[in-house]
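Observations on the three-dimensional arrangement
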Amino acid sequence: MSTLRGRGTVQGLPEWDRCAVMGVVNVTPDSFSDGGRWFDTTAAIKHGLDLVAEGADLIDVGGESTRPGASRVDASEELRRVVPVVKGLSSEGVTVSVDTMRARVAEESVAAGAALVNDVSGGLADPDMVRVVAAAGTPFVVMHWRGFSESMNSRAVYEDVVAEVVAELRERMDAVIADGVAPERIVIDPGLGFAKDAGHDLSLVAHLDELRALGRPLLVAASRKRFLGHVLADEGAAPPPARERDAATAAISALSARAGAWAVRVHEVRATADAVRVARAVEGAA
Ligand code: PMM
């Protein structure tokens, strides 16, 4: 597969002239960064529309927390949380991504208007996922994943995290393509914080060029994650809570945009929208 110049385009999605901003709406009672705030359908739709007004290009709707140690919700509850929000936002003309590891949730969300399926397991958690995405012809995020949240911290073992994540993502991309997803519809994602410690996450952010060499548009989802808490913690002190990591998140957004990321996934959109515009202006002056 050819090396990517520019940020690349994803067949089936709009084209943006800079790194896109994906705003997050977690319809969950327990996400580590914003759990419980948008659990009600009406509040979740309003929040998604507010994020668009603040500069989000697309909205990622999820109904299952993937924070470390989280246990799974059942499919009917996930459907109940996600589908009405996907429908509400897409009927307002918003480009919606559905964040799910379940084929059925992906399928019903696409029927409700979702334009992108964002599966943190890259199609590994549900054996029907890739078939459903291939049949729907929907763009698909393939994230680096080594197992469910309950046990992922014990899988954070690497000799060379960048080389191993690149190799495992390449393997996953090949498998997904072999099962019928068009290469032009794939987005890749290093999966920051998933079976990775703070040092691993920082190494991946430092080497986004090596991920881009996989030849597909790159999504970076650093927002409010533990590694930022780790960076911001004073010597011997506790890290700041998730909601006090938005300036650090915007810094990663600027770095990611400058490194050629296709999109960044964030909870607080305003600062990141500015960050990607600044990166675009710097790019234009280079
Ligand atoms: N991280 C979370 C949820 N969804 N999707 C992608 N593609 N990449 C990620 O790294 C990712 C994701 C967990 O964060 P949240 O609980 O704050 O939404």
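Preceding block: the structure.
Note that the coordinates shown come from a computational prediction; the quantities given were computed from them, not determined experimentally.

What follows deals with unusual backbone geometry. One non-glycine residue with positive phi stands out, namely alanine 195, at about 55°. Considering the arrangement of structural elements, one finds alanine 195 in the loop between β6 (186-189) and α6 (198-206). Its identity as a non-glycine residue notwithstanding, arginine 224 has a phi of 60°, on the positive side. Topologically, arginine 224 is positioned in the loop between β7 (219-220) and α8 (226-232).

Our focus in this paragraph is the side chain of arginine 265. Checked against the element boundaries, arginine 265 lands in strand β8 (residues 263-266). At 3.3 Å, the side chain of arginine 265 forms a polar contact with the side chain of aspartate 99.

Together, Glu159, Asp160, Asp209 and Glu210 make up a negatively charged patch on the protein surface. Examined against the element boundaries, aspartate 209 turns out to sit in helix α7 (residues 208-212). Accessibility expressed as a relative area gives 49% for aspartate 209, which makes it partly exposed.

Along the chain, arginine 212 turns up in helix α7. Although arginine 212 is buried, it forms no salt bridge, and the closest oppositely charged side chain is aspartate 209 at an N-O distance of 8.1 Å.

Next up on the list: the environment of aspartate 246. With respect to the helices and strands, the residue aspartate 246 is situated in helix α9 (residues 246-258). For aspartate 246, a relative accessible area of 16% corresponds to the buried category. As a C-alpha pair, aspartate 246 and aspartate 179 span 67 residues in sequence and 38 Å in three-dimensional space.

A separate point is the environment of alanine 53. With respect to the helices and strands, the residue alanine 53 is situated in helix α1 (residues 41-53). Separated by 217 residues in the primary sequence, alanine 53 and arginine 270 have C-alpha atoms spaced 9.2 Å apart.

Alternating positions in β8 separate into two faces, Ala263 and Arg265 on one and Val264 and Val266 on the other, with burial throughout. Where strand β1 (residues 20-26) and β8 come together, four bridges link them in parallel fashion. Looking across to β8, one finds that valine 21 is bridged to valine 264.

Glancing now at the site of the ligand. The local shell around the ligand holds 17 residues, among which Asp99, Asn118, Asp189, Lys225 and His267 are the closest. In the model, a nitrogen atom of the ligand is placed 2.6 Å from a nitrogen or oxygen of the aspartate 189 side chain. In the environment of the ligand, an oxygen atom lies 2.8 Å from a nitrogen or oxygen atom belonging to the side chain of arginine 265. Protein chains bury 97% of the 410 Å² of accessible surface belonging to the ligand in isolation. Residues of the shell around the ligand, tallied by class, amount to seven nonpolar, six polar and four charged.

One open sheet holds the eight strands; their spatial order is β6-β5-β4-β3-β2-β1-β8-β7, and the pairing between them is parallel. What marks the edges here is a single partner per strand, and that holds for β6 and β7. Along the sheet, helix α2 (residues 75-91) makes contact with β2 (58-62) and β3 (96-99), crossing β2 at roughly 165°.

To continue, consider the nonpolar core. Core analysis: the biggest nonpolar cluster contains 65 residues, and Ile59, Val61, Leu89, Phe140, Leu211, Val220 and Phe227 have the highest contact counts within it. If you look at the next biggest cluster of nonpolar residues, it comprises 12 residues, including Leu13, Trp16, Val187 and Leu219.

Running from amino to carboxyl end, helix α3 (residues 103-111) crosses helix α4 (residues 129-136) at an angle of 20°, the nearest separation of the two axes being 8 Å. Considering their axes alone, α3 and α4 lie roughly parallel with respect to each other. For α3 against α4, the interelement crossing comes out right-handed. Taking contact as the criterion, the partners of Ala103, Ala106, Glu107 and Val110 in α3 are, on α4, Met129, Val132 and Ala136. Looking at the contact of α3 with α4, its residues break down into six nonpolar, no polar and one charged.

What counts, and where the lines are drawn
Residues numbered from 1 in each chain as written. Predicted model: local features only at pLDDT ≥ 70, side-chain atom pairs only at ≥ 80, totals over all residues. Heavy atoms only, no water. Helix = DSSP H or I, 4+ residues; strand = E, 2+ residues; numbered from the N terminus. Polar contact = N/O pair within 3.5 Å; in protein donor to acceptor, adjacent residues only side chain to side chain. Patch = residues over 30% accessible without salt bridge, like charges linked within 9 Å, V, L, I, M, F, W, Y side chains within 5 Å. Areas by Shrake-Rupley, 256 points an atom, 1.4 Å probe, with all protein chains shown as cover. Salt bridge = Lys/Arg side-chain N within 4 Å of Asp/Glu carboxyl O. Lys, Arg positive; Asp, Glu negative; His and termini not counted. Charge placed at Lys NZ, Arg CZ, Asp CG, Glu CD. Buried < 20%, exposed > 50% of the residue type's maximum accessible area, 1.4 Å probe, protein only. Pairing = 2+ DSSP bridges. Near = heavy atom within 4 Å. Nonpolar A, V, L, I, M, F, W, Y, C, P; charged D, E, K, R; others polar. Contact = heavy atoms within 4.5 Å. Axes fitted to C-alpha atoms, helices over the stretch in contact; angles between N-to-C directions. Core = buried A, V, L, I, M, F, W, Y, C linked by side-chain atoms within 4.5 Å. Parallel < 35°, antiparallel > 145°, perpendicular 65-115°, else oblique. Left-handed = near helix turned anticlockwise from the far one by under 90°.

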